[in-house]
Amino acid sequence: MELTLKQQNLLAKMQQQPEFSALSPSELTQIAEQTRLKNYQRGELLFDQGTPRNWFYFVVSGLVRLFHRNVDGLERFYAFRHRNGVLPLVGMLTNNDYAYVAEASTMVEVAAIPMSCYEQIVRANPSGLANLVRAMGEVIDLTENELQLMVTNNAKERLRQAIWFVAKQIGELDKMNQQVIINYPIAITEWAQISATSRETTSQVLQELKRQGQITYERKCLTILNVDIDDWLSS
């Protein structure tokens, strides 16, 4: 089967990511032949916690919010995924169900790959499997970083760490201006949830950080100012 130009461009983007970079051209072609492009409106679920893990997603555009629900139905923020990100990674190769909820925070376009197709190919490719395991390890590290974020009782410090935590996931470094831009709208209520802080306190701390010249926060988009480039790149 000859791939369309759109499929070829999509594969070129996917191949730059570790979850796909070790796959052969024929393996990538198998994936492309079964991939479906899907669009989600803000607030729509890509998948729900506990539902069958049928699809492996590559984010083409937009922002996806990942979170857990506990037994009481309360949400705990987990991570963000944006362009060129993949999900899920938790539970790959082992679990039958999704371990968390994936919700579109903006309009989102994804390439949806049947999970059975992706896992079958990766299992048969040692380098591809090694890359996937490393990516899964990075998710574990991310979770540990989030847990460390919750240790302090200081609400301001929790929010500062939350901003840094999110910026490392989806922020874009502007070296010339020494700033990191989170170019997606994240509401005060979301920052409050991420940092386990009340909305009122979150709003107050954001205003204080703005007055101190540490951030800008306009139309729900946040920029970290005066970033130490070496510190950013090494963290």
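Look up a bit, the structure's there.
Residues numbered from 1 in each chain as written. Predicted model: local features only at pLDDT ≥ 70, side-chain atom pairs only at ≥ 80, totals over all residues. Heavy atoms only, no water.

Trainee: An account of the overall build of the protein chain is needed here, citing residue identities and associated values.
Mentor: The helix and strand inventory of the protein chain stands at nine helices and 12 strands. Whereas a compact globule of 235 residues would reach a radius of gyration of roughly 18 Å, the protein chain reaches 19 Å, a difference of no more than 12%. Referenced to the eigenvectors of the C-alpha coordinate spread, the extents of the protein chain come out at roughly 60 × 45 × 30 Å. The buried share among the 235 residues of the protein chain stands at 46%. In the protein chain, the share of contacts with a sequence separation of at least 24, taken over all contacts with a separation of at least 6, comes to 71%. (Helix = DSSP H or I, 4+ residues; strand = E, 2+ residues; numbered from the N terminus. Rg over C-alpha atoms; globule rule 2.2 N^0.38 Å. Buried < 20%, exposed > 50% of the residue type's maximum accessible area, 1.4 Å probe, protein only. Contact = heavy atoms within 4.5 Å.)

Trainee: Go over the nonpolar core, please, and point to the residues and values.
Mentor: The biggest cluster of nonpolar side chains holds 69 residues, and the ones touching the most others in it are Phe20, Leu46, Leu87 and Trp191. When sequence neighbours within four positions are dropped, the list of residues in contact with Leu87 reads Leu46, Phe47, Phe56, Tyr57, Val59, Val64, Leu66, Arg81, Tyr100 and Ala102. (Core = buried A, V, L, I, M, F, W, Y, C linked by side-chain atoms within 4.5 Å.)

Trainee: Can you explain the sheet that holds strand β7 (residues 101–104)? Please cite residues and give values.
Mentor: The strand order across the open sheet formed by four strands is β2-β7-β4-β5, and the pairing between neighbours is antiparallel. In this open sheet, the two edge strands, each paired with only one partner strand, are β2 (45–47) and β5 (75–81). On average, adjacent strands in this sheet sit at an angle of 30 degrees to one another, irrespective of strand direction. As paired elements, β2 and β7 share two bridges and run antiparallel to each other. Pairing of Phe47 across the sheet is with Ala102, part of β7. Relative to β5, helix α7 (residues 188–195) is tilted by about 110 degrees, and along the sheet it contacts β4 (64–69) and β5. (Pairing = 2+ DSSP bridges. Axes fitted to C-alpha atoms, helices over the stretch in contact; angles between N-to-C directions.)

Trainee: I'd like a rundown of the pairing of strand β10 (residues 179–182), residues and numbers included.
Mentor: In this sheet, β10 lies alongside strand β9 (residues 172–174) in antiparallel orientation, the contact comprising three bridges. Bridge assignment links Glu172 to a residue of β10, and that residue is Ile181. Hairpin connection of β9 to β10: four residues between the antiparallel strands, including Gln178 at a positive phi of 50 degrees. Sheet analysis places β10 next to strand β12 (residues 221–224), joined by three bridges and oriented antiparallel. Within β12, the residue paired with Val180 across the bridge is Ile224.

Trainee: Outline the pattern of salt bridges, listing residues and values.
Mentor: Counted by the stated rule, this structure contains eight salt bridges. Across the salt bridge formed by Arg65 and Glu103, the nearest N and O atoms sit 2.9 Å from each other. Here Glu103 lies in strand β7 and Arg65 lies in strand β4, a separation of 38 residues in the sequence. The pair Arg65 / Glu103 is uniform in exposure class, with both members buried. Close ionic contact of Arg83 with Glu172 constitutes a salt bridge, the shortest N to O distance being 2.7 Å. With a gap of 89 residues between them, Arg83 in the loop between β5 and β6 (86–87) and Glu172 in strand β9 connect regions that are remote in the sequence. Of the residues examined, Arg83 reaches a relative accessible area of 38% and is grouped as partly exposed. Linked by salt bridges that have partners in common, Arg65, Glu75 and Glu103 make up one network. (Salt bridge = Lys/Arg side-chain N within 4 Å of Asp/Glu carboxyl O.)

Trainee: If you had to explain the side chain of Thr223 to someone new, which residues and values would you point to?
Mentor: As for its placement among the helices and strands, Thr223 is situated in strand β12. When neighbours within four sequence positions are excluded, Thr223 is seen to be in contact with Gln179, Val180, Ile181, Gln214, Ile215 and Thr216.

Trainee: An account of the packing of aromatic side chains is requested, with residue identities and associated values reported.
Mentor: Counted by the stated rule, this structure contains 11 aromatic pairs. Relative to Tyr57, the ring of Phe47 has its centre 5.9 Å away and its plane inclined at 25 degrees; by these criteria the two rings are stacked. With Phe47 in strand β2 and Tyr57 in strand β3 (residues 55–61), this residue pair connects regions lying 10 residues apart in the sequence. Comparing Phe47 with Tyr57 shows no difference in burial state: the two are buried. Through a chain of ring-to-ring contacts, three or more aromatic side chains come together here, namely Phe47, Tyr57, Tyr78, Tyr98 and Tyr100. One cation-aromatic arrangement involves Lys38 over Trp55; the distance from NZ or CZ to the ring centre is 4.0 Å. (Phe/Tyr/Trp six-rings, centres within 6.5 Å; stacked < 30°, edge-to-face > 60°. Lys NZ or Arg CZ within 6 Å of the ring centre and 35° of its normal.)

Trainee: Describe in detail the side chain of Glu27, supporting the description with residues and values.
Mentor: With respect to the helices, strands and loops of the structure, Glu27 is situated in helix α3 (residues 25–34). For Glu27, the side chain forms a polar contact with the side chain of Asn125, separated by 2.9 Å. (Polar contact = N/O pair within 3.5 Å; in protein donor to acceptor, adjacent residues only side chain to side chain.)

Trainee: Any chance you could break down the packing of α7 against helix α8 (residues 199–211) for me, citing the residues and the numbers?
Mentor: Running from N to C, α7 and α8 cross one another at 105 degrees; their axes reach a closest spacing of 9 Å. By the angle class used here, α7 and α8 are roughly perpendicular. Within the contact between the two elements, α7 uses Ile188, Thr189, Trp191, Ala192 and Ser195 and α8 uses Arg199, Thr202, Ser203 and Leu206. Per-class residue counts for the contact of α7 with α8 are four nonpolar, four polar and one charged. (Parallel < 35°, antiparallel > 145°, perpendicular 65-115°, else oblique. Nonpolar A, V, L, I, M, F, W, Y, C, P; charged D, E, K, R; others polar.)

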